[in-house]
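Examining the three-dimensional arrangement
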Amino acid sequence: MNLKKYKIDFKNKKRLIPQVLTISFIIFVIAYFSYNAQINMGNRGISFGYGFLSQEASFDITFSMIDYDGSYSYGRAFLVGLLNTLLVSIIGIILCTVLGVTIGIGRLSQNYLIAKAAEWYVEIFRNIPLLLQIFFWYYGALRLLPLPENAINFNDISYLTIKGWYVPKFIWTNFSIFLLSVVVSIFAIFYVFNYAKKQREEIGKHVPAGFISLGIIIIIPMITFLVGGVSLNFQYPELNQLSDTVYNFKGGVSIIPELISLALALSMYTATFVAENVRAGIEGVGKGQKEAAASIGLTRGQILKLVVMPQALRIIIPPTTNQYLNLTKNSSLAAAIAYPDIVLVFAGTALMQTGRAIEIISITMGTYLFLSLTISVLMNSYNKKMAIKEK
């Protein structure tokens, strides 16, 4: 008995040896390069530290979601770049998901024209380098737009010009109450979908969760306008003449062309890969299940929604997670068109002014690593939730 236990312990320890050696080697490599960098920096009289983050940045940023000017610190500049990176990444992920799912389903359409149009979309945008697509939207499309005095007018509400897209600005009263109502609505919708799923699985009853959720997300926030003191006004952009030949818009919100170009290129490029993931997931569901669903009277839309997509998601989600990660990292190409993301602002301007190469590059790399791991954790948890559980 003791001999058997000894053999098991020895076998477990034997399995740990390669892991311990690997970790030790990684620690050795990191320690070696850190020590080497410290010696070289010491020989050149360069100090190491992150105290520069509190120093005045002394440079402006063309687009910021928070208050910023040259009097703020490098830490504030890093935050501006991070928020701009998050903005274009979130917009890109949402757009590429909607477009990718639509194109992926369109590729399987029985309509010849729709199927071929979706196929050509994938083949064209997937095989053109992303950087060239960014240049096309920025230099080839948006740079051809008119000047502010000849702006493309959308019913006197928004204006599209070479300087950007000017849209109305929301001015809220008691916005916190409205936001709370939206959060409550989301929890209520989550409960409705869980209830509908339970009813469908246990007794086969179909609950129109989509229509109920639509009513919830409209009615509950609307109540806050009636009894919660919430109000919403709009500040519209207005054309101002700055000099004899110079015009620009004042008021509203300006969406800069760099953001539009980058979001369009990232979403349209990544959507091609998402579309292929969707197509593969749908085709991965057995034909017999589709025929069985059709035999009990389900429409094509119901078959896709209730039978195909729940099973296809377990195939779609893992590769789509990789595309979300690629989109987030590809947003670093923003520097090519001067969109002020974290690479241009922090790893570009701030690095050149401070000379803190190791500190700034390590922060930038760590930021992208954190963003990627966060996306992975969220998508993996969603993947586990959508996985088919065997009874």
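All of the points below concern the structure found in this document. (Residues numbered from 1 in each chain as written. Predicted model: local features only at pLDDT ≥ 70, side-chain atom pairs only at ≥ 80, totals over all residues. Heavy atoms only, no water.)

The secondary structure content of the protein amounts to eleven helices and eight strands. Taken over C-alpha atoms, the radius of gyration comes to 27 Å for the protein, far larger than the 21 Å a tight globule of 391 residues would show. Viewed in the frame of its principal axes, the protein has a C-alpha envelope of about 75 × 70 × 50 Å. Counting across all 391 residues of the protein, residues that qualify as buried make up 34%. A total accessible area of about 24,100 Å² is found for the protein, and carbon and sulfur atoms account for 66% of it. Here the protein carries 32 positive and 20 negative side-chain charges, and the mean point of each set is 18 Å from the other. (Helix = DSSP H or I, 4+ residues; strand = E, 2+ residues; numbered from the N terminus. Rg over C-alpha atoms; globule rule 2.2 N^0.38 Å. Buried < 20%, exposed > 50% of the residue type's maximum accessible area, 1.4 Å probe, protein only. Areas by Shrake-Rupley, 256 points an atom, 1.4 Å probe, with all protein chains shown as cover. Lys, Arg positive; Asp, Glu negative; His and termini not counted. Charge placed at Lys NZ, Arg CZ, Asp CG, Glu CD.)

Right, let's talk about the packing of helix H2 (residues 74-107) against helix H10 (residues 342-354) for a bit. Orientation of H2 relative to H10, taken along the N-to-C sense of each, is 155 degrees, at an axis distance of 7 Å. In terms of orientation, H2 and H10 fall into the roughly antiparallel class. Contacts from Tyr-74, Ala-77, Phe-78, Gly-81, Leu-82 and Thr-85 of H2 reach H10 at Ile-342, Val-345, Phe-346, Ala-350, Gln-353 and Thr-354. Split into classes, the residues belonging to the contact of H2 with H10 amount to eight nonpolar, four polar and no charged. (Axes fitted to C-alpha atoms, helices over the stretch in contact; angles between N-to-C directions. Parallel < 35°, antiparallel > 145°, perpendicular 65-115°, else oblique. Contact = heavy atoms within 4.5 Å. Nonpolar A, V, L, I, M, F, W, Y, C, P; charged D, E, K, R; others polar.)

Attention now moves to the packing of aromatic side chains. What the rule picks out here adds up to 23 aromatic pairs. Here Phe-59 and Tyr-68 contribute two aromatic rings whose centre-to-centre distance is 6.4 Å and whose plane-to-plane angle is 55 degrees, an arrangement assigned as tilted. Taken as a pair, Phe-59 and Tyr-68 share a single burial class, namely buried. Measuring from centroid to centroid gives 5.9 Å for Phe-178 and Phe-225, while their planes differ by 70 degrees, and the two rings are edge-to-face. Of the two residues, Phe-178 is situated in helix H5 (residues 175-202) and Phe-225 in helix H6 (residues 209-227); the sequence distance between them amounts to 47 residues. Of the aromatic side chains, those joined through ring pairs into one cluster are Phe-170, Trp-172, Phe-175, Phe-178, Phe-225, Phe-234 and Tyr-236. (Phe/Tyr/Trp six-rings, centres within 6.5 Å; stacked < 30°, edge-to-face > 60°.)

Counted according to the given criterion, the structure contains seven salt bridges. Between Lys-116 and Glu-119 there is a salt bridge, with the nearest N and O atoms lying 3.2 Å from each other. Here Glu-119 and Lys-116 lie together in helix H3 (residues 112-126), a separation of three residues that amounts to about one turn. Overall, Lys-116 belongs to the partly exposed group, its relative accessible area being 31%. Between Arg-279 and Glu-276 there is a salt bridge; the shortest N-O distance is 2.9 Å. Here the residue Arg-279 and the residue Glu-276 both occupy positions in helix H7 (residues 257-283), the gap between them amounting to three residues, near one helical turn. Sharing partners across several salt bridges, the network here consists of Arg-107, Glu-123, Arg-126, Glu-276, Arg-279 and Glu-283. (Salt bridge = Lys/Arg side-chain N within 4 Å of Asp/Glu carboxyl O.)

Let us now look at the sheet that holds strand S2 (residues 158-161). The four strands are arranged S1-S2-S3-S8 in an open sheet whose pairing can be described as antiparallel. Unpaired on one side and paired on the other, strand S1 (152-154) and strand S8 (253-255) mark the two borders of the sheet. Sheet twist, expressed as the average angle between the axes of neighbouring strands with direction ignored, equals 20 degrees. (Pairing = 2+ DSSP bridges.)

What follows concerns a nonpolar patch on the surface. Judged by side-chain polarity, Ile-186, Leu-214, Ile-217, Ile-218, Ile-219, Met-222, Ile-223, Leu-226 and Val-227 come together as a nonpolar surface patch covering roughly 900 Å² of accessible area. Sort the elements by how many residues they give to the nonpolar patch and H6 lands first, with eight residues. With relative accessibility at 72%, the residue Leu-226 sits in the exposed group. (Patch = residues over 30% accessible without salt bridge, like charges linked within 9 Å, V, L, I, M, F, W, Y side chains within 5 Å.)

Here the focus is the nonpolar core. Residues Val-88, Tyr-121, Leu-262 and Tyr-339 are the most contacted members of the largest nonpolar core, which totals 44 residues. Looking at this core, the elements that each hand over two or more residues are H2, H3, helix H4 (130-141), H7, helix H9 (300-330) and helix H11 (357-386). Residues contacting Leu-262, with those up to four places away along its chain left out, are Val-88, Ile-134, Ser-331, Ala-334, Ile-337 and Tyr-339. Grouped together as the second largest cluster of nonpolar side chains are 20 residues, Ile-61, Ala-77, Phe-346 and Leu-351 included. (Core = buried A, V, L, I, M, F, W, Y, C linked by side-chain atoms within 4.5 Å.)

The next thing to look at is the pairing of S2. Residue alternation in S2 divides its side chains into two sets, Ser-158 and Leu-160 and Tyr-159 and Thr-161, and both sets are buried. Across three bridges, the pairing between S1 and S2 is antiparallel. Bridge assignment links Phe-154 to a residue of S2, and that residue is Ser-158. Counted between consecutive antiparallel strands, the loop separating S1 from S2 contains three residues, among which Asn-155 sits at a positive phi close to 60 degrees. Two elements, S2 and strand S3 (residues 164-167), share three bridges in a ladder whose sense is antiparallel.

So, about the environment of Ile-93. Summarising the element assignment, Ile-93 is placed in helix H2. Taking the C-alpha atoms as reference points, Ile-93 and Gly-164, separated by 71 residues in sequence, lie 22 Å from one another. Sequence-distant contacts of Ile-93, that is, excluding residues within four places in its chain, are made with Tyr-324, Leu-327, Thr-328 and Ile-375.

Turning our attention to the side chain of Ser-372. Locating Ser-372 in the fold gives a position in helix H11. Contact partners of Ser-372, with chain neighbours within four places excluded, come to Leu-325 and Lys-329.

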